[in-house]
Amino acid sequence: MFEARLGQATTLKKILDAIKDLLNEGTFDCSDSGIQLQAMDNSHVSLVSLTLRSDGFDKFRCDRNLSMGMNLGSMAKILKCANNEDNVTMKAQDNADTVTIMFESANQEKVSDYEMKLMNLDQEHLGIPETEYSCVVRMPAMEFARICRDLAQFSESVVICCTKEGVKFSASGDVGTANIKLAQTGSVDKEEEAVTIDMQEPVTLTFACRYLNAFTKATPLSTQVQLSMCADVPLVVEYAIKDLGHIRYYLAPKIEDNET
Amino acid sequence: MSLQQALDDCLIDFDRRVLVTDLLEEYKLTYKETHELLEAHIKQQESASATKYEKRFLVHGMQADGDCELYTIVQGEDKLKEWLAKLQNSQSQLYSVEVAGGSKSAAPIFKPMQHVEVQLAKLEQRAGATPKGVTNGVSNGVHKPSEVSKSSSIKVEQSKPSATKVESAATAEQHNKTSPSEQKSKAKGPAAAAKKGSIGSFFSAAPAAKTQSAKETKAAATKPAAGSMENFFKKQPAPSSTQAKQKEEAKSANNTSVQLFAEESEPSSDEEEKLDKLRRKVVGSGDESDEADAKSTGSKRRRIVDSDDEEQPQKKSAEPQQVKEAEEPMEVEAATNETFLDDDGFVITVKAKKPMQAAKKKASPTAAAAAAAKSAAASAPTTKKKSPPAAGKSAKETPKSKQGSITSFFTKK
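Residues numbered from 1 in each chain as written. Chains lettered and ligands numbered in written order. Predicted model: local features only at pLDDT ≥ 70, side-chain atom pairs only at ≥ 80, totals over all residues. Heavy atoms only, no water.

*Asks:* Which parts of the structure should I look at to understand the overall build of chain A?
*Replies:* Per the secondary structure count, chain A includes 4 helices and 20 strands. By residue count, 54% of the 260 residues in chain A fall in the buried class. Restricting the contact set of chain A to residue pairs at least 6 apart, pairs at least 24 apart contribute 65%. (Helix = DSSP H or I, 4+ residues; strand = E, 2+ residues; numbered from the N terminus. Buried < 20%, exposed > 50% of the residue type's maximum accessible area, 1.4 Å probe, protein only. Contact = heavy atoms within 4.5 Å.)

So, in structure tokens, the structure goes:
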């Protein structure tokens, strides 16, 4: 049997919102350590890796490892039925073909449960190697979302250039060119507003704006976002989910097309 | 000229290795005579000046074990003696002579110096004519077979300006047939231009790299209206230098239109003056905003812009004009395929467009796509000026990079 309970449905709502634009379906792999989901988007350009630790749940029980293939759109619809403050519990029997999602209001006066059919998804799991990234930028998630949104107006691609001076986001297109430079913050009162750059080597990579903007759907989950870059390696955009885990997006860089 | 005379006149360059065999062939002497003359000359030179000569000898003999017959070339008389001692039934002959310490290798084809001079002199005399008979391996750098036909075609035009259209067309056709290399270059020019522009100006980067190339060609064919010709041109300032090159190439090839311009630059006859007048008329009447007109008279206008002063009001900005100038030679080039200009008409240039496109299509698929785009743009000339220059830019940017796949970075479990 599998049962996982979260104190606030809003967290799960945010998680679903963060992935449902990229993924139509996903398999939640449940084990005693927690819940994991890994899936590529349809075009196989980006990869989403979600980790929810078991200790982050109010209650977590997983007798046997369980893989639950779900239609994320359907799940998001169900989660919309929950109030933000509701407790949410996911339950599934071993070898079951449905999952039950139960919402309980804070005062226990309202309890609603939804049963959703599970899917047999034949999804490929990719082995993600341990990588030492040349540049790791931590910055406010809101700022990153803003930058991606703004630059998307200029071009389909964003060039992220990280040097010791700072990190520069550039886009060039029909309208013109846009450059946004962020320098490392000296000292800030609020940690969530800090921009920190951990650089071993300068890196310049080009990424598709569309995906970056899709990643920023996770902004409500975290105040800070971490961008890890290395030459010829996918960008990692990581949002920490407080006390629960993290969501990582991997995005393949755009590469020089020598054929043209 | 005898060998003795050549030696006396220092016409044989001993800085290079002089092979006795070459001398034999050149002066039709026996080996004995050649050898004697050469030895005498060397001795004389060595005694008269400090110059030392290095000799090589051909040695023939049987190896000591008697099995193997051996031919070898040895350097210097010391080694010659060694080898002669080594071999049985050995014999030797002088093989080559050169100034000791000379580093130059033997000339590929032996020629006494005077002979070379004579050849050069001949070439100079025949500068305007066909330098066909150069057979001595000495390249003078002016040997261009394409120029031959060019000059001949010019002659035809000058001498028979009243030739009928049919005739001129025939000559043009013949002209095409006779120089396939030229045709190639013609086809190449526009194709290259299309390559530069087509992808860049008409497409945006597709996230999926799989079908990108196919899409590109398709879109080039189907989306010509999106970017007008002007856009297309505006996008090309960067490669203008290459286009200029192409222009030059076009000139060097048998581009008859260009030839016409060249001729026009030297007004010599009444007919040419007439032509000039007519051109001016055309220019005066030509409205630059009239796109269709501009199409048909584009090449004419270029000539006028080239030849006339710059007082004429130019509505377009400098940049597009530059680009246009770079672009137009291609049309001119194509126009040559069709025919020459007759006394009054420039309409012939318009006629020439179709064959140009056809040629393009034949040349390569990219050229075909470009041609399609061009023709479509021509068919909708009203969209010309609306063309967003930025579209070109973005397109320019997009083909540079393609979206990689995440699977190529991570291994499957």
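*Asks:* Is there a simple way to explain the sheet that holds strand 7 (residues 87-92) of chain A in this structure?
*Replies:* Strand-to-strand pairing in sheets goes through backbone hydrogen bonds, with the strands running parallel or antiparallel. Residues and elements named next belong to chain A. Spatially, the 5 strands line up as an open sheet ordered 5-1-7-8-9, and their pairing is antiparallel. In this open sheet, the two strands that pair with only one neighbour each are strand 5 (59-62) and strand 9 (111-117). Ignoring strand direction, the axes of neighbouring strands in this sheet form an average angle of 15 degrees. (Pairing = 2+ DSSP bridges. Axes fitted to C-alpha atoms, helices over the stretch in contact; angles between N-to-C directions.)

*Asks:* Where do I start with unusual backbone geometry in this structure?
*Replies:* Trans is the prevailing form of peptide bonds, just as negative phi is the prevailing case for residues other than glycine. All names here are of chain A. The backbone phi angle of asparagine 95 is positive, close to 60 degrees, even though this residue is not glycine. Position of asparagine 95 relative to the elements: it lies in the loop between strand 7 and strand 8 (98-104). The exposed category is assigned to asparagine 95, whose relative accessible area is 71%. Phi at aspartate 232 is positive, roughly 60 degrees, even though this residue is not glycine. Relative to the helices and strands, aspartate 232 is located in the loop between strand 17 (224-229) and strand 18 (235-241).

*Asks:* Got a minute to help me understand the packing of helix 1 (residues 9-20) of chain A against helix 2 (residues 72-80) of chain A in this structure?
*Replies:* All names here are of chain A. Between helix 1 and helix 2, the least distance of the axes is 10 Å, while the angle of their chain directions is 150 degrees. As summarised for this structure, helix 1 and helix 2 are arranged roughly antiparallel, according to the angle between their axes. Note that helix 1 runs across helix 2; the crossing there is left-handed. When helix 1 is examined against helix 2, the residues Leu12, Lys13, Leu16, Ile19 and Lys20 are found in contact with a partner set consisting of Leu72, Met75, Ala76, Leu79 and Lys80. (Parallel < 35°, antiparallel > 145°, perpendicular 65-115°, else oblique. Left-handed = near helix turned anticlockwise from the far one by under 90°.)

*Asks:* Explain the pattern of salt bridges to me, please; I cannot follow it from the model alone.
*Replies:* Where charged atoms from two side chains of opposite charge come close, those side chains can pair. All names here are of chain A. Summed over the entire model, instances satisfying the criterion amount to 14 salt bridges over all chains. The shortest N-O distance in the salt bridge between lysine 20 and aspartate 17 comes to 4.0 Å. Pair noted here: lysine 20 and aspartate 17 are both in helix 1, with a separation of 3 residues, about one helical turn. A residue is classified by how much of its surface remains accessible, and lysine 20, at 28% relative accessible area, is partly exposed. For the salt bridge of aspartate 150 with arginine 149, the shortest nitrogen-to-oxygen distance reads 3.5 Å. Within the structure, one salt-bridge network assembled from shared partners comprises Asp17, Lys20, Asp21 and Lys217. (Salt bridge = Lys/Arg side-chain N within 4 Å of Asp/Glu carboxyl O.)

*Asks:* I'm lost on the sheet that holds strand 2 (residues 53-62) of chain B in this one. Help?
*Replies:* All names here are of chain B. Taken together, the 4 strands give an open sheet; going across it, the order is 1-4-2-3, and neighbouring strands pair in antiparallel fashion. The two strands at the open ends of the sheet, each matched to only one other strand, are strand 1 (18-19) and strand 3 (69-75). Helix 3 (residues 31-48) contacts strand 2 and strand 4 (88-99) of the sheet and is inclined by roughly 55 degrees relative to strand 4.

*Asks:* Mind showing me how you'd approach the state of the cysteines here?
*Replies:* Simply put, the disulfide is a covalent bond whose two ends are the sulfur atoms of two cysteines. All names here are of chain A. Scanning the model with the defined rule gives 0 disulfides over all chains in all. The thiol sulfur of cysteine 148 is not disulfide-bonded, and the nearest other cysteine sulfur, from cysteine 209, lies at 6.6 Å. Taking relative accessible area as the criterion, cysteine 148 reaches 2% and is therefore assigned buried. Assessed through its relative accessible area of 3%, cysteine 209 is described here as buried. (Disulfide = S-S within 2.5 Å.)

*Asks:* Can you help me understand a negative patch on the surface in this one?
*Replies:* There is a patch of like negative charges on the surface, built from Asp189, Glu191, Glu192 and Glu193 of chain A. By secondary structure assignment, the location of aspartate 189 of chain A is in the loop between strand 14 (177-183) and strand 15 (196-199). (Patch = residues over 30% accessible without salt bridge, like charges linked within 9 Å, V, L, I, M, F, W, Y side chains within 5 Å. Areas by Shrake-Rupley, 256 points an atom, 1.4 Å probe, with all protein chains shown as cover. Lys, Arg positive; Asp, Glu negative; His and termini not counted. Charge placed at Lys NZ, Arg CZ, Asp CG, Glu CD.)

*Asks:* It is not clear to me how the nonpolar core should be interpreted in this structure. Could you clarify?
*Replies:* For soluble globular proteins, nonpolar side chains are generally found buried alongside one another. Membership of the largest hydrophobic core comes to 80 residues, with the highest contact counts inside it found for Phe2, Phe169, Ile247 and Tyr249 of chain A. Among the elements that make up this core, the one with the highest residue count is helix 1 of chain A (6 residues). Residues from two domains meet in this core; each of domain 1 (2-117) and domain 2 (135-251) of chain A gives at least three. In contact with isoleucine 247 of chain A, not counting residues within four places along its chain, are Ala18, Ile19, Val48, Ser49, Leu50, Ala218, Leu221, Val237, Glu238, Tyr239 and Ile241 of chain A. Listed in part, the 22 residues of the second largest apolar core include Leu11, Val20, Ile42 and Leu80 of chain B. (Core = buried A, V, L, I, M, F, W, Y, C linked by side-chain atoms within 4.5 Å. Domains from an automatic or database assignment.)

*Asks:* Can you walk me through the pairing of strand 19 (residues 245-251) of chain A in this structure?
*Replies:* Consecutive residues of a regular strand have side chains that alternate between opposite faces of the sheet. Residues and elements named next belong to chain A. Of all 7 residues making up strand 19, 6 are buried, and the element is well covered by its neighbours. Summarising the sheet, strand 4 (residues 46-53) and strand 19 pair through 7 bridges and their orientation is antiparallel. Among the inter-strand pairings, valine 48 is bridged to a residue of strand 19, identified as tyrosine 249. One ladder, built from 7 bridges, connects strand 18 with strand 19; its direction is antiparallel. Note that in strand 19 the partner of isoleucine 241 across the bridge is glycine 245.

*Asks:* Before we go on, may I ask you to explain the confidence of the model for chain B in this structure?
*Replies:* A low pLDDT means the predicted coordinates there should not be read in detail. Residues of chain B with pLDDT of at least 70 account for 28%, and the chain-wide mean is 56. In the predicted structure, residues 126-242 of chain B sits below a pLDDT of 50 and forms 172 contacts with residues beyond four places in sequence or in another chain. (pLDDT = per-residue confidence, 0-100.)

*Asks:* Looking at this structure, how should I read the packing of aromatic side chains?
*Replies:* In this description, an aromatic ring pair is defined by two values, namely the gap between the centres and the angle between the planes. A complete count under the given rule lists 8 aromatic pairs over all chains for this structure. With centroids separated by 6.3 Å and ring planes inclined at 55 degrees, the aromatic side chains of phenylalanine 144 of chain A and phenylalanine 169 of chain A adopt a geometry described as tilted. Taken together, the residues phenylalanine 144 of chain A in helix 3 (residues 141-152) and phenylalanine 169 of chain A in strand 13 (residues 166-172) connect sequence positions 25 residues apart. For the pair formed by phenylalanine 144 of chain A and phenylalanine 169 of chain A, the shared burial category is buried. Seen in terms of ring centroids, tyrosine 239 of chain A and tyrosine 249 of chain A are 6.1 Å apart; in terms of plane orientation they differ by 85 degrees. Their pairing is edge-to-face. Pair noted here: tyrosine 239 of chain A is in strand 18 and tyrosine 249 of chain A is in strand 19, with a separation of 10 residues, a long-range link. The exposure class of tyrosine 239 of chain A is buried, given its relative accessible area of 0%. Members of the aromatic cluster, each reached through a chain of ring pairs, are Phe2, Phe57 and Phe60 of chain A. The residue whose ring lies beneath arginine 210 of chain A is tyrosine 211 of chain A, and the NZ or CZ to ring-centre distance is 4.6 Å. Note that lysine 86 of chain B overlies the ring of tryptophan 83 of chain B, its terminal NZ or CZ placed 4.3 Å from the centroid. (Phe/Tyr/Trp six-rings, centres within 6.5 Å; stacked < 30°, edge-to-face > 60°. Lys NZ or Arg CZ within 6 Å of the ring centre and 35° of its normal.)

*Asks:* Looking at this model, I keep getting lost on helix 1 of chain A. Mind explaining?
*Replies:* In an α-helix, one turn spans 3.6 residues, which is why side chains three or four residues apart end up on the same side. Taking 1.5 Å of rise per residue, 12 residues should cover 16 Å, and helix 1 of chain A covers 16 Å from first to last C-alpha, within 8% of that figure. Listed as buried for helix 1 of chain A are Ala9, Thr10, Leu12, Lys13, Ile15, Leu16, Ala18 and Ile19 of chain A. (Expected span 1.5 Å × (residues − 1).)

*Asks:* Before we go on, may I ask you to explain the side chain of lysine 254 of chain A in this structure?
*Replies:* With respect to the helices and strands, the residue lysine 254 of chain A is situated in strand 20 (residues 254-256). Polar contacts involving the side chain of lysine 254 of chain A include one to the side chain of serine 157 of chain A, which spans 2.7 Å. (Polar contact = N/O pair within 3.5 Å; in protein donor to acceptor, adjacent residues only side chain to side chain.)

*Asks:* How should I be thinking about helix 3 of chain B in this particular structure?
*Replies:* Residue and element names in this part refer to chain B. Between its first and last C-alpha atoms helix 3 spans 25 Å; for 18 residues at 1.5 Å apiece the expected length is 26 Å, and the two agree. Looking only at helix 3, the buried set comprises Thr34, Leu38, Glu39, His41 and Ile42. Looking straight down helix 3, one finds its buried side chains confined to an arc of 165 degrees; they lie on one side. Across helix 3 from its buried face, at more than 90 degrees, point the exposed residues Lys32, Lys43, Ser47 and Ala48. (Arc of directions from axis to C-beta.)

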